[in-house]
Number of protein chains: 2
Amino acid sequence: MALSDLIAVQRNDEGIAKVLEILRNEFGDRLQTGHSIREQHGHTTTYLPNQMPDGVVFPENTEEVQKIVRACAAHRVPLIPFGTGTSLEGHVNAPGGGISLDTSRMNRILAVNAEDLDCTVEPGVTREELNRHLRDTGLFFPIDPGANASLGGMASTRASGTNAVRYGTMREAVLSLTAVMADGEVVKTGARAKKSAAGYDLTRLLVGAEGTLGVITSLTLRLQGIPQAISGGVCPFPTLEAASRAVIATIQMGIPVARIELVNALQMKAINTYSRLDYPESPCLFLEFHGSDAGVAEQAELFGMIAEEQGGGPFLWTTVAEERNRLWKARHDAYWASFSLRPGAKGLSTDVCVPISRLAECVAETEADIAENGLLAPVVGHAGDGNFHTLVLMDPDDPAEVAKVEAFVARLNRRAIAMDGTCTGEHGIGQGKSGFLRHELGHGVDVMRLIKQALDPHGIFNPGKTITG
Amino acid sequence: MALSDLIAVQRNDEGIAKVLEILRNEFGDRLQTGHSIREQHGHTTTYLPNQMPDGVVFPENTEEVQKIVRACAAHRVPLIPFGTGTSLEGHVNAPGGGISLDTSRMNRILAVNAEDLDCTVEPGVTREELNRHLRDTGLFFPIDPGANASLGGMASTRASGTNAVRYGTMREAVLSLTAVMADGEVVKTGARAKKSAAGYDLTRLLVGAEGTLGVITSLTLRLQGIPQAISGGVCPFPTLEAASRAVIATIQMGIPVARIELVNALQMKAINTYSRLDYPESPCLFLEFHGSDAGVAEQAELFGMIAEEQGGGPFLWTTVAEERNRLWKARHDAYWASFSLRPGAKGLSTDVCVPISRLAECVAETEADIAENGLLAPVVGHAGDGNFHTLVLMDPDDPAEVAKVEAFVARLNRRAIAMDGTCTGEHGIGQGKSGFLRHELGHGVDVMRLIKQALDPHGIFNPGKTITG
């Protein structure tokens, strides 16, 4: 499987022309067909080539989404939901052209139910907008994939990030949603009750479906109470194994750690250079604890003892917000810091996730593979979940290097799958990983295809993605 | 919708005869066709009439399940997976006859991965068996629906229970599973990684599908660390509203309560009579806290203050295991205690779940409805989740009373749905609630039916259940 083996989708020029005419009449200026806006909507924040849609439409409500879906369905034209374009696996590319449905004008916060710790939003609301809106309620929306992504897009890719170890992923955060299905009808997948045993779990089916089964038009999300206190810190370890053993002990003891991030030595070096810091350039864990004043101190102290037992430390921690923010800014800047290792390079982010008992072994084998093949690829990991990223720095115009990187990624994905893990913990399949899904789930892909065919018989929703192999 | 309006399923006598012959040749004594064993396998622990299967088969491994599925598929014969028969909505009834697939011989614990806090089991393992097996590992499986149900059955009905407020439901507890689908092929829905963004969420699709999409043959389950300390207690309140406000405040403050159960005055009276106790006969909350020694004391004290603010109390709590167990035994015996209110009666358990902000209102309206209609129906609720049960005590041979109860249940389900809740928090749809699913989810039922038709085109898996309306 080569990364560049993108699935071809046959263009339907006649249908596309008809749909563009329908949408122009219906939406006027809210249908855009200029080159730069089309190019921006095929943007993938990554190494994949840009495949532009033929038009970009900006609906403002569910009824307008229904009109767009019905037009595309009638004329068999691809429809690609678009949030902020921060996905990493070509999710918003348009391999057969068609219409990009930009949700940025569907950005209302429809309800905040503070007593129930939930809210209902339109899909174009970003996570930072939601958290700004919640500021005075004592509540927050925890899922943080780094980018200021739209909540519809985050649901569609089953996003997570640094604090999933405590608060879960979008799988747990979405209580229910509404979506426009291929027949143009609106489906409500559940109620606001915290749990339900009412029929098939359509909510979880649409979360992570990457826009291939329908267009999400609203989401009801679980919120969390802002903790009374937060403590955080950085702890160096002599080896990856020692750091991983500390992670396992932390989770096993039931310490309700809110973030526990692994950063390898090369990435620490990049962070130091980029952020002018002087952290130890050995494997480190970045941690954060949420709770009561007494609780976060107890958690930090317990972790310090665990680290010491594994030969790590000193664990320097603080409850002072300013110091914590500086620390976490360095972690969050890791992506940009990596580029300081090779200015001008493009980055390819991998995303394997393994059982945490296999994390040290998987990272160590991957570091060895990187070294053997002369690649430059720092590692950061959501260690509490067994999920880690390598950011492979490459020149996409050098075919020999691209081939070497593709071979590395294939080995990494297969290594994780062989350890009873997955090729994607949080970035999704999109175009980039469609070849690995069958390797991971075998006949499960055929079951997924049966569902895709049943719910989207003409294949209008985001063709060439997810279920292709 | 009358409770007794069960969906009819056409019998296929010729196909059934052929399948019985195939299974007899293949399974010998492990195919049973005696009346009493067939009656036992149509047992529903409830008011619904018994509809017996034509045979009960006891496979011992996945390959044998595949043979059974292929025989039933070839001859269009209903196949009904059976765990322990403790479901409450006629899930194991056989309205068109056919084969009951009893998983009790698939009861091996295949792996316990203590470092990863997970295990893999066959579907016939019960939750108590699993917890006995885990005893020396420091881990436990938290989901507790009361009955000692099989884990395959608990997954199929998306079971939960008293500690879901802390540990989630089977939706969160199942990491992945394997199932035999209608084509006889085995599907593995995921890996052991704690999170995944790899394609459609087939795990969550099969969890809660009530055996209508496939037969679960193994489950990988999340485990939890046994807490260092546990505290628990009972707290009386002057009114339901006061108790509910205390629940909301507890959840909003982020107190990680492990159980928070609402018991109404009538149920307290039944508990006192049955268990010879002298609790106050007013609305009470039963609570349990899990954590460190300091943590559980802090949590209990915080709750005591919340209760006092709402006019409740005194909150008497303890960390002594013996005292806690006596307290929780009283709560767990509530079901049996109820029958002391009307010896000889049958019970019908309702299962609505609403946003917690509506819990007091929903319970109060339901109590008034019960009183107005002269019914006898104590209330217990998983208050932290907004889920409560009424156990309606009735004489199923009195048609006038049955009609009155059916009308009450219909009003209750519609009341909960109107409050943005669900007719079933944890018992499932089965036969008993199939009429309410469309009322709750509308066009969503059509989407479910498309999935059912795609994955089980001949309708062999548990016909007449779940997706019927």
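Bear in mind that the values here come from a model prediction, so they are computed numbers and not experimental data. (Residues numbered from 1 in each chain as written. Chains lettered and ligands numbered in written order. Predicted model: local features only at pLDDT ≥ 70, side-chain atom pairs only at ≥ 80, totals over all residues. Heavy atoms only, no water.)

### As for the UniProt feature "domain: FAD-binding PCMH-type" (unreviewed entry) in chain A
Phase 1: Per the UniProt annotation, the sites labelled "domain: FAD-binding PCMH-type" (unreviewed entry) are residues 49-226 of chain A.
Phase 2: Secondary structure content for residues 49-226 of chain A is 22% helix and 24% strand, and the end C-alpha separation is 41 Å. (UniProt positions renumbered as here; feature names shortened; annotations may be inferred. Helix = DSSP H or I, 4+ residues; strand = E, 2+ residues; numbered from the N terminus.)

### What to know about the relation of the copies chain A and chain B
Phase 1: For the pair chain A and chain B, the best superposition has an RMSD of 0.0 Å and corresponds to a rotation of 180° with a translation of 0.0 Å parallel to the axis. The symmetry that links the two subunits is that of a two-fold axis.
Phase 2: Mapped onto chain B, 100% of the interface residues of chain A are again interface residues, and the two copies thus contact each other with one and the same surface. (Least-squares fit on C-alpha atoms with pLDDT ≥ 70 in both. Contact = heavy atoms within 4.5 Å.)

### Thoughts on helix 10 (residues 265-275) of chain A
All names here are of chain A.
Phase 1: Gln 267, Met 268, Ala 270, Ile 271 and Asn 272 are the residues of helix 10 that are buried.
Phase 2: Looking at the buried residues of helix 10, the elements they touch are strand 13 (257-263), strand 14 (284-291), helix 12 (321-332), helix 13 (334-339) and strand 17 (379-382).
Phase 3: Trailing helix 10 by a residue or two, Arg 276 shows a phi angle of about 50°, which is positive. (Buried < 20%, exposed > 50% of the residue type's maximum accessible area, 1.4 Å probe, protein only.)

### Let's talk about the pairing of strand 17 (residues 379-382) of chain B
It is a general feature of regular strands that their side chains alternate between the two faces of the sheet.
Residue and element names in this part refer to chain B.
Phase 1: Residues Val 379 and Gly 381 of strand 17 are buried on one face, and the alternating residues Val 380 and His 382, pointing to the opposite face, are buried as well.
Phase 2: Sheet topology note: the strand 17/strand 18 (residues 387-394) ladder contains four bridges and is antiparallel. For Gly 381, the partnering residue across the bridge sits in strand 18 and is Phe 388.
Phase 3: Where strand 17 folds back on strand 18, the antiparallel hairpin that results is connected by four residues, among which Gly 386 adopts a positive phi of roughly 75°. (Pairing = 2+ DSSP bridges.)

### A short note on the sheet that holds strand 3 (residues 79-82) of chain A
All names here are of chain A.
Phase 1: Within the open sheet, the four strands sit side by side as 1-2-4-3. Their pairing is mixed. At either margin of the open sheet sits one strand with a lone partner, and together these are strand 1 (31-32) and strand 3.
Phase 2: Of the strand pairs in this sheet, strand 2 (residues 55-57) and strand 4 (residues 99-102) are connected by three bridges, and their pairing is parallel. Paired with Val 57 across the strands is Leu 101, a residue of strand 4.

### Examining the pattern of salt bridges
Phase 1: One pass over the full model with this rule turns up 66 salt bridges over all chains.
Phase 2: The partner of Lys67(A) in a salt bridge is Glu26(A), with the nearest N and O atoms 3.0 Å apart. In this pair, Lys67(A) is assigned in helix 3 (residues 62-74) and Glu26(A) in helix 1 (residues 13-27), connecting sequence segments 41 residues apart.
Phase 3: You can call Lys67(A) partly exposed: its relative accessible area is 42%.
Phase 4: Using a relative accessible area of 42% as the deciding quantity, one classes Glu26(A) as partly exposed.
Phase 5: Between Glu401(B) and Arg342(B) there is a salt bridge, and its shortest N-O distance comes to 2.7 Å. Of this pair, Glu401(B) sits in helix 15 (residues 399-418) while Arg342(B) sits in the loop between helix 13 (334-338) and strand 16 (346-349), and the two are 59 residues apart along the sequence.
Phase 6: Its relative accessible area of 27% is what places Arg342(B) among the partly exposed residues.
Phase 7: One salt-bridge network, held together by shared partners, links Asp116(A), Asp118(A), Lys188(A), Arg192(A) and Asp420(B). (Salt bridge = Lys/Arg side-chain N within 4 Å of Asp/Glu carboxyl O.)

### Quick notes on the environment of Glu281(B)
Residues and elements named next belong to chain B.
Phase 1: Turning to its location among the elements, Glu 281 is positioned in the loop between helix 10 (265-275) and strand 14 (284-291).
Phase 2: For Glu 281, a relative accessible area of 45% corresponds to the partly exposed category.
Phase 3: Spatially, the C-alpha atom of Glu 281 lies 24 Å from that of Asn 163, the residues being 118 residues apart in sequence.
Phase 4: Residues within four places of Glu 281 in sequence aside, it is in contact with Ala 265, Met 268, Lys 269 and Asn 272.
Phase 5: Among the polar contacts listed, one links the side chain of Glu 281 to the side chain of Asn 272, at a separation of 3.0 Å. (Polar contact = N/O pair within 3.5 Å; in protein donor to acceptor, adjacent residues only side chain to side chain.)

### Section: the sheet that holds strand 12 (residues 229-236) of chain A
Strand-to-strand pairing in sheets goes through backbone hydrogen bonds, with the strands running parallel or antiparallel.
Residue and element names in this part refer to chain A.
Phase 1: Pairing is antiparallel across the open sheet formed by seven strands, whose spatial order is 15-12-14-13-17-18-16. What marks the edges here is a single partner per strand, and that holds for strand 15 (316-318) and strand 16 (346-349). Recorded for the sheet is a direction-independent mean angle of 20° between the axes of neighbouring strands.
Phase 2: Here strand 12 runs beside strand 15; their pairing, made up of three bridges, is antiparallel. What sits directly across from Val 234, in strand 15, is Leu 316.
Phase 3: In this fold helix 9 (residues 240-252) packs onto strand 13 and strand 14, with an angle of close to 170° to the strand it touches most, strand 13. (Axes fitted to C-alpha atoms, helices over the stretch in contact; angles between N-to-C directions.)

### Here's the deal with the domain arrangement of chain A
Residue and element names in this part refer to chain A.
Phase 1: Once the domains are mapped, chain A shows domain 1 (109-225), domain 2 (229-337) and domain 3 (340-428).
Phase 2: One C-alpha centre belongs to domain 2, the other to domain 3; they are set 22 Å apart.
Phase 3: The partner domain 3 presents 19 residues to the 21 residues of domain 2 that form the contact.
Phase 4: Our count for the domain 2 to domain 3 interface comes out at zero salt bridges. (Domains from an automatic or database assignment.)

### Quick word on the packing of helix 15 of chain B against helix 16 (residues 434-441) of chain B
Think of two packed helices as two axes; the pair is described by the angle between the axes and how far apart they sit.
Residue and element names in this part refer to chain B.
Phase 1: Two numbers describe how helix 15 lies on helix 16: the axes approach to 10 Å, and their chain directions differ by 25°. Taken together, helix 15 and helix 16 sit at an angle that is classed as roughly parallel. Note on packing geometry: the crossing formed by helix 15 with helix 16 is right-handed. Where helix 15 abuts helix 16, its residues Ala 410, Asn 413, Arg 414 and Ile 417 lie against Phe 436, His 439 and Glu 440.
Phase 2: Along the lines of polarity and charge, the residues of the contact of helix 15 with helix 16 split into three nonpolar, two polar and two charged. (Parallel < 35°, antiparallel > 145°, perpendicular 65-115°, else oblique. Left-handed = near helix turned anticlockwise from the far one by under 90°. Nonpolar A, V, L, I, M, F, W, Y, C, P; charged D, E, K, R; others polar.)

### Focus on the side chain of Ser176(A)
Residue and element names in this part refer to chain A.
Phase 1: Relative to the elements of secondary structure, Ser 176 occurs in strand 8 (residues 174-180).
Phase 2: A relative accessible area of 4% means that Ser 176 is categorised as buried.
Phase 3: Here Ala 191 takes part through its backbone oxygen, which lies 3.4 Å from a polar atom of the side chain of Ser 176.
Phase 4: Setting aside residues no more than four positions away along its own chain, Ser 176 makes contact with Thr 189, Gly 190, Ala 191, Thr 203, Leu 219 and Thr 220.

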